[in-house]
Every structure is written in C-alpha cells, then in structure tokens.
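Residues per chain, in single letters:
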Amino acid sequence: MACAQQVKPSQAAQLLPNEVVSEQQSLLVVKKLLAIAVSGITYLRGIFPGRAYGSKYVEDQKVMILKGDCDCPEISQILLWMQGCFDAIQKKYVSHVWSSTHSEVICSVLLV
C-alpha cells in the first residue's frame, strides 16, 4: 500500500519523500518523524540553546532539528537514545514509542 504526500514542485530538497512504497522507505520516514518530534519538543520547551538546532522544511513548515555537532553532553545523550530507538525500530523490536518530557530534562522513553 503506497501513501503519497502532496508537495509543491519548487521543493527540491525535502525532508520526507513524496511517496512511500517500500518497507525501507517507511522505516526512514518513521525515523525522521521521531527525530522531528523529539527535536520539536525540546526546541519549543527551550530545553537546549538555539545553536543546538538546524532548520529543515517539511512542506512549507520550518522545523528545528537537533544537531550532533554541539558541545553539550545532554544533547549527545538524547541523540544516542534516539539512535538506540532507530536501531530497535529497524530490528522490529518496537511497535510503539512514548516519551515523557519535563522542563528540566527528558526523563524517560518507553519502548514497547
């Protein structure tokens, strides 16, 4: 079953594909959506400084994505947790991901 995303022709470099037709493409979209979600939550709550993010576009919407080149150990830890989630999703160990956030730190991630 294919799922298509409508985009404007002017978008040359896009974050998500126009169409998802394979399991591998679906896996890539799930990973990107998880990165967008975690980055968006930490950005909107002001958990990390603005320099820790880079901007990308999904359709016409600007999203802020955590960068790996920041010298903040907390960001490195979040990115390691996300990589662990990506690996678990790829190996089909995970069917659901829940995250709990607080104003100070991200406190837990539950993988089911």
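Residues numbered from 1 in each chain as written. Predicted model: local features only at pLDDT ≥ 70, side-chain atom pairs only at ≥ 80, totals over all residues. Heavy atoms only, no water.

Draft legend 1. Representation of the pairing of strand β3 (residues 53-58) within the structure. Where β3 lies against strand β4 (residues 61-66), six bridges are found, and the strand directions are antiparallel. Among the inter-strand pairings, Y57 is bridged to a residue of β4, identified as K62. (Pairing = 2+ DSSP bridges. Helix = DSSP H or I, 4+ residues; strand = E, 2+ residues; numbered from the N terminus.)

Draft legend 2. Examining the environment of V97 more closely. Looking at the secondary structure, you find V97 in strand β5 (residues 97-101). Residues V97 and C85, spaced twelve residues apart in sequence, show a C-alpha to C-alpha distance of 8.3 Å.

Draft legend 3. Fine view of helix α1 (residues 23-44). The end-to-end C-alpha separation of α1 is 31 Å, in line with the 32 Å expected for 22 residues at 1.5 Å each. Those residues of α1 not exposed but buried are L27, V29, K31, L34, A35, I36, V38, S39 and T42. Just past α1, the residue G46 takes up positive phi, approximately 70°. (Expected span 1.5 Å × (residues − 1). Buried < 20%, exposed > 50% of the residue type's maximum accessible area, 1.4 Å probe, protein only.)

Draft legend 4. Representation of the nonpolar core within the structure. If you look at the biggest cluster of nonpolar residues, it comprises 20 residues, and the most contacted ones within it are F48, A52, L66 and I75. Listed by contribution, the elements that provide at least two residues to this core are α1, β4 and α2 (73-90). For this core, the element with the most residues is α2, which contributes seven residues. (Core = buried A, V, L, I, M, F, W, Y, C linked by side-chain atoms within 4.5 Å.)

Draft legend 5. Quick look at the packing of aromatic side chains. Scanning the model with the defined rule gives one aromatic pair in all. Pairing Y43 with Y53 gives two aromatic rings, centres 5.1 Å apart and planes at 75°, and the pair type is edge-to-face. You can see Y43 sitting in helix α1 and its partner Y53 sitting in strand β3, a full ten residues away along the chain. The class for Y43 is partly exposed, based on a relative accessible area of 38%. (Phe/Tyr/Trp six-rings, centres within 6.5 Å; stacked < 30°, edge-to-face > 60°.)

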